[in-house]
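Coordinate analysis (summary)
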Amino acid sequence: MTEIPFIKGLDLSQIFYEEAVEPVLEKHFPGLSHSAALVGAGSEVLGFDTPQSRDHDWGPRLMLFLAEDDHARYHEQIDQILSQELPAELRGYPTTFEYHEDGLMQHRVLMLTVREFTQSLLNFDPTGDIRAADWLSIPEYRLLMFTAGRVFHDGLEELEPLRAKLRYYPHDVWLYMLAAQWQRIAQEEPFMGRCGQVEDELGSRLVAARLVRDLMRLCFLMERTYTPYIKWFGTAFAQLNCAETLLPVLSHVLVADSWQECEKHLSTAYASVAGMHNDLGITEPLSTKVSQFYLRPFFVIKAERFVEAIRAAITSEEVRALPEHLGAVDQFVDSTDALNDPAWSKELYK
């Protein structure tokens, strides 16, 4: 496979639909209304796949969405015909994948209904009213899994409207998350210097790294961009508008030789992010200068100022009634297993 020219997964899957799957559907099920897309899990959905991605679960694949009645009536027949008539390979890549639990080789045209897919991914029905608790109980990367990728054909006229509806958070939910993210910074910003002052070098670097991650997450929020899961967090950050300025600064934070040097670079980052906040125009302008933490020789942005100002701008009673500084589930939960189970987190917002 290393000798086969690499094609980005989204492009390969679109070719797969247009040259292999669609002709079979048109031949055997002419006029069958359907949608086809590559969304959900997979680095190629985010456009971050590389030749290394080809070693597992990568290749010509897509989701085929059918209306509820058509799915019940035709999905087994379509599956069987595709198994018989799909080409063995496409652009040099096999169109079958090995399923490790049974060793069988099968195509990866997954037949679904839109309702089935969105319910499994989001644990709520996005076709109706979406409550604040619904938005907050789903990790951002799962919302990104649905809104990223590519729709090749939307004959059902359901996928694209839902993707547009879920493109980003409602205004007051967004404000609530912004305030919660600033709160995380407020809670830890003096600790990097304090750890360094008592010669806890490892602890100081650990706090610095946590602050860098929180600042990066804040930047995603301010640019209204969903964060991916941790593997692609830095890659996606590098594509933000602020990355040209902040990426070198945050990198210097992580390699600083002393806590004082680290503080210097953090202070630069704080000022930049505070300026980004002011550019949003969601509160009155706030000072972007760092200042001393009480009588201690540490300089901080005093992030609680931003928390208070942003929370004052929230007008939705539904959002104002939420736990004050909780934020979205992935702002305070860091367990992959927990975040991969969207069913339990709604209890937190009741």
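See above for the structure.
The following refers to the structure shown. Bear in mind the structure is a predicted one, so any value in this text is a computation, not a measurement. (Residues numbered from 1 in each chain as written. Predicted model: local features only at pLDDT ≥ 70, side-chain atom pairs only at ≥ 80, totals over all residues. Heavy atoms only, no water.)

Glancing now at the packing of aromatic side chains. According to the stated counting rule, one finds 17 aromatic pairs in the structure shown. Aromatic pair tryptophan 58 and tyrosine 93: ring centres 5.2 Å apart, planes at 70 degrees, arrangement edge-to-face. Placement of the pair is tryptophan 58 in the loop between helix H2 (43-46) and strand S2 (62-66) and tyrosine 93 in strand S4 (residues 93-94), with a sequence separation of 35 residues. Overall, the relative accessible area of 7% leaves tryptophan 58 in the buried class. Relative to phenylalanine 117, the ring of phenylalanine 65 lies with its centre 5.7 Å away and its plane at 75 degrees, an arrangement referred to as edge-to-face. With phenylalanine 65 in strand S2 and phenylalanine 117 in helix H4 (residues 114-122), this pair connects stretches of sequence that are 52 residues apart. Judged by its relative accessible area of 0%, phenylalanine 65 falls in the buried class. Its relative accessible area of 9% is what places phenylalanine 117 among the buried residues. Chaining the aromatic ring pairs together yields one cluster made of Trp135, Tyr168, Tyr169 and Tyr226. Directly above the ring of tryptophan 174 sits arginine 224, whose terminal nitrogen or CZ lies 3.8 Å from the centroid. (Phe/Tyr/Trp six-rings, centres within 6.5 Å; stacked < 30°, edge-to-face > 60°. Helix = DSSP H or I, 4+ residues; strand = E, 2+ residues; numbered from the N terminus. Buried < 20%, exposed > 50% of the residue type's maximum accessible area, 1.4 Å probe, protein only. Lys NZ or Arg CZ within 6 Å of the ring centre and 35° of its normal.)

Let us look at the side chain of arginine 142. Note on placement: arginine 142 falls in helix H6 (residues 140-147). Of the side chains with opposite charge, aspartate 341 comes closest to the buried, unpaired arginine 142, at an N-O distance of 7.9 Å. A distance of 3.4 Å separates a polar atom in the side chain of arginine 142 from the backbone oxygen of serine 120. (Lys, Arg positive; Asp, Glu negative; His and termini not counted. Salt bridge = Lys/Arg side-chain N within 4 Å of Asp/Glu carboxyl O. Polar contact = N/O pair within 3.5 Å; in protein donor to acceptor, adjacent residues only side chain to side chain.)

The angle between the axes and the distance between the axes are what describe a pair of packed helices. Where helix H8 (residues 171-188) contacts helix H14 (residues 304-312), the two axes come as close as 8 Å, and the packing angle between them is 165 degrees. The angle between the axes of H8 and H14 places the two elements in the roughly antiparallel class. Here the hand of the crossing between H8 and H14 comes out left-handed. Contacts from Leu175, Tyr176, Leu178, Ala179, Trp182, Gln183 and Ala186 of H8 reach H14 at Glu304, Phe306, Val307, Ile310 and Arg311. Among the residues making up the contact of H8 with H14, the classes are represented as nine nonpolar, one polar and two charged. (Axes fitted to C-alpha atoms, helices over the stretch in contact; angles between N-to-C directions. Parallel < 35°, antiparallel > 145°, perpendicular 65-115°, else oblique. Left-handed = near helix turned anticlockwise from the far one by under 90°. Contact = heavy atoms within 4.5 Å. Nonpolar A, V, L, I, M, F, W, Y, C, P; charged D, E, K, R; others polar.)

Taken as a whole and assessed by the stated rule, the structure comprises one cavity of 30 Å³ or more. In terms of lining, the largest cavity is formed by Glu189, Pro190, Met192, Gly193, Glu263, Leu266, Tyr270, Phe298, Phe299 and Val300. Mapped onto the lining of the largest cavity, the elements with two or more residues apiece are helix H9 (191-197), helix H13 (259-280) and strand S10 (299-300). The biggest single contributor to the lining of the largest cavity is H13, with three residues. Split by residue class, the lining of the largest cavity holds seven nonpolar, one polar and two charged. (1 Å grid on protein atoms, 1.4 Å probe; cavity = no way out; pocket = protein on both sides within 12 Å on 5 of 7 lines; lining within 4 Å. Points joined across faces, edges and corners; volume = space filled by probe spheres on them.)

This brings us to the pattern of salt bridges. Overall, the coordinates contain 15 salt bridges when judged by the stated rule. Arginine 91 serves as the salt-bridge partner of glutamate 19, at 3.0 Å between the closest nitrogen and oxygen. With glutamate 19 in helix H1 (residues 9-28) and arginine 91 in the loop between strand S3 (89-90) and S4, the pair connects residues that are 72 residues apart, well separated along the chain. Residue lysine 27 is joined to glutamate 85 by a salt bridge in which the shortest nitrogen-to-oxygen separation is 3.6 Å. Of this pair, lysine 27 sits in helix H1 while glutamate 85 sits in helix H3 (residues 68-85), and the two are 58 residues apart along the sequence. Take glutamate 85: its relative accessible area is 32%, and that puts it in the partly exposed class.

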